[in-house]
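Residue-level listing of the chains:
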Amino acid sequence: MTDLLRRGRLEVETDLLLGVEEVLLLEHVAVAVDESGAVQARSVTATTATTAATVPVDAKPAQRGFDAALFATGGAGSRTAPASSASASPPTPRPATPKLSSTPSSTPSSAQTSTFSTAPQSAAPSTGTPLVPIADRIVPPSAGSKAEQLALLDAMHARECPHCASATAHTRLVFGEGNADAELVFIGDAPTEAEDQLGKPFVGRAGDKLNEMISAMGLTRDDVYVANVLKSRTPENRTPLPQEIERCGPYLLAQLAIISPKAIVTLGGPATKLLLASELGITRLRGVTANIRIGAAAGEPVDVPVMPTLHPAYLLRNYTPETRMQVWEDLKKVLAILGRPVPQRK
């Protein structure tokens, strides 16, 4: 019992650091943060999810190893960012997001997968509504190479996206960049201020840490593709709202349909929740493979495995053996999905 409570407290503290306003602790207990920042507990009743999303929850912690050499200190991008750094500052307070109940699998396993439908959904009100899978409704261009198709989709998005074409908090759009034929795609939630200024995803210290993660896998930034769910910066870098995702998110699915990767890594709780339509915290979701279906709008649906892991910025703020071990274990599972060997580290 003591060990269970200790693990529960760790998950709650971690999720609160990640900016989650309400965290499911045990079967009938939830912890929430009120407007004053105080933590309160209340009783909840779990119900069956009404959407297509079903997420397995491990009844026991997965066995995890630790590569002590991962992200070894000494490099300019491998040390914890100072408190004054933009990438290391505490997350901006976010509006409460609606809850989505999830039904645990009867046979939980760290290697288990779930499939999340991206079938079209009707537009939902912005409040009091659970997250739903992003609608796969954008038919991507099909002429030319994949790089040419992505360029056409980029122009189409800038011209037609119901959200980004009218949003005003950004300087420029950040569509994504990388190898159009990549086997692996990394996805964040929305551009930061630095990304907005440069027009590129994952720059600065968080970008350096992501590059280290990619290098640890034996790959380079040129081998992968990097994008965000939302293509324009949100006001004060807040978490994207449901209506913003409903309008802009389908363009991400069109990107993925063009690239057709073998695996996707979602970086952090917001990106994972938005893509998988789950309200579980990242400490519950990370390390567990889930499948999403892409290509439905083009009539060529295919399931792609998704591996949620911690955001590079969170790793910088919490640079501990435990967080390094968790990320490395997640990345090794991705290498197994890709059929690539785990690189030997010095």
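Since this is a predicted model, take the numbers as computed values, not measurements.

Summing up its helical and strand segments, the protein chain has nine helices and ten strands in all. A fraction of 73% describes how many contacts in the protein chain between residues 6 or more apart in sequence connect residues 24 or more apart. With an accessible surface of roughly 15800 Å², the protein chain has 53% of that area assigned to carbon and sulfur atoms.

Take the pairing of strand 9 (residues 290–294) next. Summarising burial for strand 9: four of the five residues are buried, a large majority. Bridge analysis of strand 9 against strand 10 (residues 302–309) gives five bridges, and the strand direction is antiparallel. Across the sheet, Ala 290 pairs through a bridge with Val 306, a residue of strand 10.

Relative to the assigned elements, Lys 262 resides in the loop between helix 5 (242–259) and strand 8 (263–267). The residues contacting Lys 262, other than those within four sequence positions of it, are Glu 183, Val 304, Pro 305, Ile 337 and Leu 338.

We now examine the pairing of strand 7 (residues 225–228). Side chains Tyr 225 and Ala 227 of strand 7 all project onto a buried face; the interleaved residues Val 226 and Asn 228 project onto the opposite face, where all are buried too. In this sheet, strand 7 lies alongside strand 5 (residues 177–178) in antiparallel orientation, the contact comprising two bridges. Among the inter-strand pairings, Gly 178 is bridged to a residue of strand 7, identified as Tyr 225. As judged from the four bridges shared by strand 6 (residues 184–188) and strand 7, these two strands associate in the parallel manner. Following the sheet pairing, Phe 186 is matched in strand 7 by Val 226.

Quick look at the state of the cysteines now. Throughout the structure, instances matching the rule amount to zero disulfides. With no disulfide of its own, Cys 161 lies closest to Cys 164 among cysteine sulfurs, the gap being 3.8 Å. Summary of cysteine pairing: Cys 248 is not part of a disulfide, and the nearest cysteine sulfur, belonging to Cys 164, is at 3.6 Å.

What follows is about helix 4 (residues 204–216). Its 13 residues give helix 4 an end-to-end C-alpha distance of 19 Å, which sits within 8% of 18 Å, the value for a rise of 1.5 Å per residue. For helix 4, the complete set of buried residues consists of Ala 206, Gly 207, Lys 209, Leu 210, Met 213, Ile 214 and Ala 216. Turning to helix 4, the residues buried within the fold contact strand 6, strand 7, strand 8, strand 10, helix 8 (312–317) and helix 9 (321–338).

Across the protein chain, pLDDT averages 73, with 61% of residues at or above 70. Predicted confidence in the protein chain is weakest over strand 1 (residues 22–26), with a mean pLDDT of 35, and strongest over strand 8, with 98. Confidence drops under pLDDT 50 across residues 4–129; counting only partners more than four residues distant or on other chains, this segment forms 230 contacts.

So, about unusual backbone geometry. Even without being glycine, Glu 236 reaches a positive phi, approximately 55°. As for its position among the elements, Glu 236 is in the loop between strand 7 and helix 5. Look at Glu 236 and you get exposed, because its relative accessible area is 59%. At Asn 237, a residue that is not glycine, the phi angle is positive and equals roughly 60°. Mapped onto the elements of the fold, Asn 237 is located in the loop between strand 7 and helix 5.

Of all hydrophobic cores here, the largest spans 35 residues; its most connected members are Leu 153, Ile 187, Tyr 225, Leu 256, Ile 264, Leu 275 and Ile 292. With nine residues, helix 5 is the largest single contributor of residues to this core. Sequence-distant contacts of Leu 256, defined by excluding residues within four places in its chain, comprise Val 185, Ile 187, Pro 261, Ile 264, Ile 292 and Ile 294.

Here the distance between the centres and the angle between the planes together describe a pair of aromatic rings. Summed over the entire model, instances satisfying the criterion amount to zero aromatic pairs. The ring of Phe 175 carries the charged tip of Lys 231 above its face, separated from the ring centre by 5.3 Å.

On to the packing of helix 2 (residues 146–160) against helix 5. At a minimum axis distance of 10 Å, the contact between helix 2 and helix 5 shows a crossing angle of 170°. As far as their axial angle goes, helix 5 and helix 2 are roughly antiparallel. For the pair helix 2 and helix 5, contact is made by Lys 146, Gln 149, Leu 150, Leu 153, Met 156, His 157 and Glu 160 and by Cys 248, Tyr 251, Ala 254, Gln 255, Ile 258 and Ile 259, respectively. Along the lines of polarity and charge, the residues of the contact of helix 2 with helix 5 split into eight nonpolar, three polar and two charged.

Between its first and last C-alpha atoms helix 9 spans 26 Å; for 18 residues at 1.5 Å apiece the expected length is 26 Å, and the two agree. The set of residues buried in helix 9 consists of Thr 323, Arg 324, Met 325, Gln 326, Val 327, Trp 328, Glu 329, Asp 330, Leu 331, Val 334, Leu 335 and Leu 338. Of the surrounding secondary structure, the elements contacted by the buried residues of helix 9 are strand 6, helix 4, strand 8, strand 10 and helix 8. Just downstream of helix 9, Gly 339 is the residue with a positive phi angle, here 75°.

Here is what the cut-offs are and how they apply
Along each chain, residues carry numbers from 1 onward, in the same order as the chain's sequence is written. A pLDDT threshold of at least 70 governs which residues receive local features in this predicted model, and a stricter bar of 80 or more applies before side-chain atom pairs are shown or counted, although totals over entire chains, interfaces and linings include all residues. Each side-chain value is worked out from all heavy atoms of the structure, with water and hydrogens disregarded. Helix numbers and strand numbers start at the N terminus; a helix is a DSSP run of H or I with at least 4 residues, a strand a run of E with at least 2. Only heavy atoms matter for contacts: two residues are in contact if any of them lie within 4.5 Å across the pair. Surface exposure here means Shrake-Rupley accessible area, sampled with a 1.4 Å probe, where a residue is shielded only by the protein chains that are shown. Burial classification: accessible surface area is computed with a 1.4 Å probe over protein chains only, and a residue below 20% of its type maximum counts as buried, one above 50% as exposed, and the rest as partly exposed. Two strands pair if DSSP finds at least two bridges between them. The disulfide criterion is simple: two cysteine sulfur atoms within 2.5 Å. To estimate how far a helix should reach, multiply one less than its number of residues by 1.5 Å. Summary of the metric used: pLDDT quantifies the predictor's per-residue confidence within the range 0 to 100. The term nonpolar core refers to a set of buried residues drawn from Ala, Val, Leu, Ile, Met, Phe, Trp, Tyr and Cys, joined through side-chain atoms within 4.5 Å. Pairing of aromatic rings covers Phe, Tyr and Trp, the last through its six-membered ring, and needs centres within 6.5 Å; plane angles under 30 degrees mean stacked, over 60 mean edge-to-face, and all others mean tilted. A ring is scored as having a charge over it whenever the NZ atom of a lysine or the CZ atom of an arginine sits within 6 Å of its centre and within 35 degrees of its normal. Each axis is a line fitted through C-alpha atoms, taken for helices only over the stretch in contact, and angles between the N-to-C directions span 0 to 180 degrees. Our angle categories are set so that under 35 degrees counts as roughly parallel, over 145 as roughly antiparallel, 65 to 115 as roughly perpendicular, and the remainder as oblique. Classification convention: Asp, Glu, Lys, Arg as charged; Ala, Val, Leu, Ile, Met, Phe, Trp, Tyr, Cys, Pro as nonpolar; all other residues, Gly among them, as polar.

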